[in-house]
Amino acid sequence: MPFAHEQLKSVASEQLTKADTIKLRNQHIGQACQLFYRSDPLKIVRGQGQYMFDEEGNRYLDCINNVAHVGHCHPEVVRAGALQMATISTNNRFLHDELVQCARTLTSKMPESLSVCFFVNSGSEANDLALRLARNFTKRQDVITLDHAYHGHLQSVMEVSPYKFNQPGGEQKPEYVHVAPCPDIYGGQFTDKMYPDADFGALYARPIEEICQRQVARGEGVAAFIAESLQSCGGQILPPAGYFQAVYAAVRSAGGVCIADEVQVGFGRVGSHYWAFETQGVVPDIVSVAKPMGNGHPVGAVVTTPEIAQAFHATGVAYFNTYGGNPVSCAIANAVMRVIDEEGLQHNAHVLGDYLLRECNRLKQDFECVGDVRGAGLFVGIELVRERDERTPDKKAAHCVVNRMKQLHRVLVSSDGPNDNVIKLKPPMCFSLENADEFLLAFRECLTTLMEDRLASSASATNGVIATAAETLANKAKLFERQDRLIKSV
């Protein structure tokens, strides 16, 4: 691999102890920048493929990083970036082949109507620009978003991210933002338990249709509907069949455009398709991409139609992004897309995703705490509950599992969702069958421990009740004895 000697030398020359690193971080990094495993954070010094290594050389199986899409430090990606950086890195106001080749490859994987690219540096920038394009094209302001959605950290996208603005201390939602229910058929507003025979696509689309009807009646319409093709921070949510088709039709009838946020789930992660929106049989007007596009390097893009792009140009205001579309970023993105194709990583996600979903569903037979298993490709969510029939979220159990997986098994997973009780799997796409089995074995052990602890707590509570009753009787007996003595002494 490129720079193997230099990489090992760099790790070996690590100067700061973990304690010193924590001390400096606390001193100089804003406290709002949170760590994984805050009570015992990991100091990661090296990555390779689907593994990360701490300062002591311990190896961790990475089931968290959908950013390191083709694997940490993939040699082809590293080589492409290093070579281009050693050649030239400048802005996209100069002609360069890497830029146009990246745009050609990216649009070749999109529906035919999506043929124009704008390059940016992150998912937040991509969604910010997507909203700007939509509002300019429609000459409207109002945006429809979904509950629990997350679209980035810029002000414009925080406004359409209930995952953020609904938190304590979050800013109030603007009047021009309309929030529709998250299409979660397990724990959402309409569930398969409450409505076992319902058309959930139509049921969850109805609130958006009503928003659109109200906006049209006011003479305002909508600018855009923005949604993650599969909701990630919201708890690994897969929309029901027909949902986006009905929603897109309603939004377009109200004069709006449809934005697909593929920042978390694009580039083959869902296995069956290259883009997650394709699983719903829809064609968006604007698509935002980022995270996996650079395999850890900051690069993103907005892909749209010639009509929307031309309307943006017609404003007379040039769009310039200093680093967006620079040759190094584009060389890296080109390498990532080549590796996905050459190594068959989309197919790998499809095969392993089916395996993980099948095996995780089997865990329901042995563990009452596994409420729901859902996903597509290497995008899997396992919802933990206290009581399966009632579907009561178990945040504490999820946190225990996340920490035990890391501390005992050295397998890194995370939890998320509105109740923070969904175990998320979104590993690098080079994840193997052996890795899947390693996760499953470790996860089963954690669930077993969780159930044993529950039984022990239940037994302890029962014994406590018995002990308390016995203690009460003993105290009453002592009281009667004392009263008897007082009576006799009178």
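Keep in mind that this is a model prediction, so the values were computed, not measured.

Enquirer: Would you take a moment to explain the packing of helix α8 (residues 200–217) against helix α9 (residues 243–253) for this structure?
Expert: If you want to describe how two helices pack, look at the angle between their axes and the distance between the axes. Packing of α8 against α9 leaves a shortest axis separation of 8 Å and a crossing angle of 15 degrees. With respect to each other, α8 and α9 are oriented roughly parallel. Taken as a pair, α8 and α9 cross one another with a handedness that is right-handed. Every residue of α9 that contacts α8 at Gly201, Tyr204, Ala205, Ile208, Glu209 and Cys212 is listed here: Tyr243, Ala246, Val247, Ala250 and Val251. When the residues that make up the contact of α8 with α9 are grouped by side-chain class, the tally is 9 nonpolar, 1 polar and 1 charged.

Enquirer: Got a minute to help me understand the sheet that holds strand β3 (residues 59–62) in this structure?
Expert: Hydrogen bonding along the main chain pairs the strands of a sheet, whether they run parallel or antiparallel. A sheet is described by the order of its strands in space; here 4 strands give the open sequence β1-β2-β3-β14, paired in mixed fashion. Only two strands of the sheet have a single partner each, and these edge strands are β1 (44–48) and β14 (411–412). Of the pairings in the sheet, the one linking β3 to β14 comprises 2 bridges and is parallel in character. Residue pairing across strands places Leu61 opposite Val411, the latter belonging to β14.

Enquirer: I'm lost on the environment of Cys369 in this one. Help?
Expert: In this structure, Cys369 sits in the loop between α12 (345–362) and β11 (370–375). Looking at Cys369, the relative accessible area reads 0%, which means it is buried. Linking Cys369 and Tyr176, residues 193 residues apart in sequence, is a C-alpha distance of 40 Å. Setting aside residues no more than four positions away along its own chain, Cys369 makes contact with Glu383, Leu384, Val385, Leu447, Leu450, Met451 and Arg454.

Enquirer: Looking at this structure, how should I read the packing of aromatic side chains?
Expert: The relation between two aromatic rings is expressed through the spacing of the ring centres and the mutual angle of the planes. Evaluation of the coordinates by the stated rule reveals 15 aromatic pairs. Between the aromatic rings of Phe118 and Phe312, the centroid separation amounts to 5.7 Å while the plane-to-plane angle is 80 degrees, which identifies the pairing as edge-to-face. You can see Phe118 sitting in strand β4 (residues 116–120) and its partner Phe312 sitting in helix α10 (residues 306–313), a full 194 residues away along the chain. Like Phe118, the residue Phe312 is buried in the burial classification. Note on Phe267 and Trp275: the rings are 4.9 Å apart at their centroids and 65 degrees apart in plane angle, and the pair reads as edge-to-face. Residue classification places Phe267 among the buried residues on the basis of a relative accessible area of 0%. By way of ring pairs, the aromatic residues Phe225, Tyr243, Phe244 and Tyr248 are connected into one cluster. Above the face of the Phe320 ring, Arg93 is positioned so that its terminal group lies 3.6 Å from the ring centre.

So, how was this worked out
Residues numbered from 1 in each chain as written. Predicted model: local features only at pLDDT ≥ 70, side-chain atom pairs only at ≥ 80, totals over all residues. Heavy atoms only, no water. Axes fitted to C-alpha atoms, helices over the stretch in contact; angles between N-to-C directions. Helix = DSSP H or I, 4+ residues; strand = E, 2+ residues; numbered from the N terminus. Parallel < 35°, antiparallel > 145°, perpendicular 65-115°, else oblique. Left-handed = near helix turned anticlockwise from the far one by under 90°. Contact = heavy atoms within 4.5 Å. Nonpolar A, V, L, I, M, F, W, Y, C, P; charged D, E, K, R; others polar. Pairing = 2+ DSSP bridges. Buried < 20%, exposed > 50% of the residue type's maximum accessible area, 1.4 Å probe, protein only. Phe/Tyr/Trp six-rings, centres within 6.5 Å; stacked < 30°, edge-to-face > 60°. Lys NZ or Arg CZ within 6 Å of the ring centre and 35° of its normal.

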